[in-house]
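# Survey of secondary and tertiary structure
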Amino acid sequence: MSRATRDLLEGAATFAVGLVLWLFAGDVEVPVVTLTKAGVVMMCVGGVLAAMGLYRAARTLPGARGR
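Below, the structure is looked at part by part. (Residues numbered from 1 in each chain as written. Predicted model: local features only at pLDDT ≥ 70, side-chain atom pairs only at ≥ 80, totals over all residues. Heavy atoms only, no water.)

## Quick word on the pattern of salt bridges
If you walk through the whole model with that rule in mind, you get one salt bridge. Among the ionic pairs, arginine 56 bridges to aspartate 7, the shortest N-O distance being 2.3 Å. In this pair, arginine 56 is assigned in helix H2 (residues 35–59) and aspartate 7 in helix H1 (residues 3–24), connecting sequence segments 49 residues apart. Owing to a relative accessible area of 24%, arginine 56 belongs among the partly exposed residues under this scheme. (Salt bridge = Lys/Arg side-chain N within 4 Å of Asp/Glu carboxyl O. Helix = DSSP H or I, 4+ residues; strand = E, 2+ residues; numbered from the N terminus. Buried < 20%, exposed > 50% of the residue type's maximum accessible area, 1.4 Å probe, protein only.)

Here it is, written out as structure tokens:
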């Protein structure tokens, strides 16, 4: 598995877990952090990872310019 594919999959999974936390963990009480805010942070990190995977995949295409 290439690094671009791995980054894309990790980003999608992180985004999905963050989305679940943001949508469904609003009533859960945790002493240190708010799970909805942690979900938003995870969605941001997942989005960046997925974007990086897409960027790496575009850079390794056979017909890509600017290598």
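## Describing H2
Its 25 residues place the ends of H2 36 Å apart at the C-alpha level, agreeing with the 36 Å of an ideal helix rising 1.5 Å per residue. Summarising the contacts, the buried residues of H2 are in contact with H1. (Expected span 1.5 Å × (residues − 1). Contact = heavy atoms within 4.5 Å.)

## Thoughts on a nonpolar patch on the surface
Together, Phe15, Leu19, Val20, Trp22, Leu23, Phe24 and Val40 make up a nonpolar patch on the protein surface, roughly 670 Å² of accessible area in all. Here leucine 23 shows up in helix H1. The exposure class assigned to leucine 23 is partly exposed, which follows from its relative accessible area of 49%. (Patch = residues over 30% accessible without salt bridge, like charges linked within 9 Å, V, L, I, M, F, W, Y side chains within 5 Å. Areas by Shrake-Rupley, 256 points an atom, 1.4 Å probe, with all protein chains shown as cover.)

## Notes on the environment of glycine 11
Relative to the assigned elements, glycine 11 resides in helix H1. Along the sequence, glycine 11 and lysine 37 sit 26 residues apart, while their C-alpha atoms lie 18 Å from each other. Not counting residues within four places of it along the chain, the set of residues in contact with glycine 11 comprises Gly46, Leu49 and Ala50.

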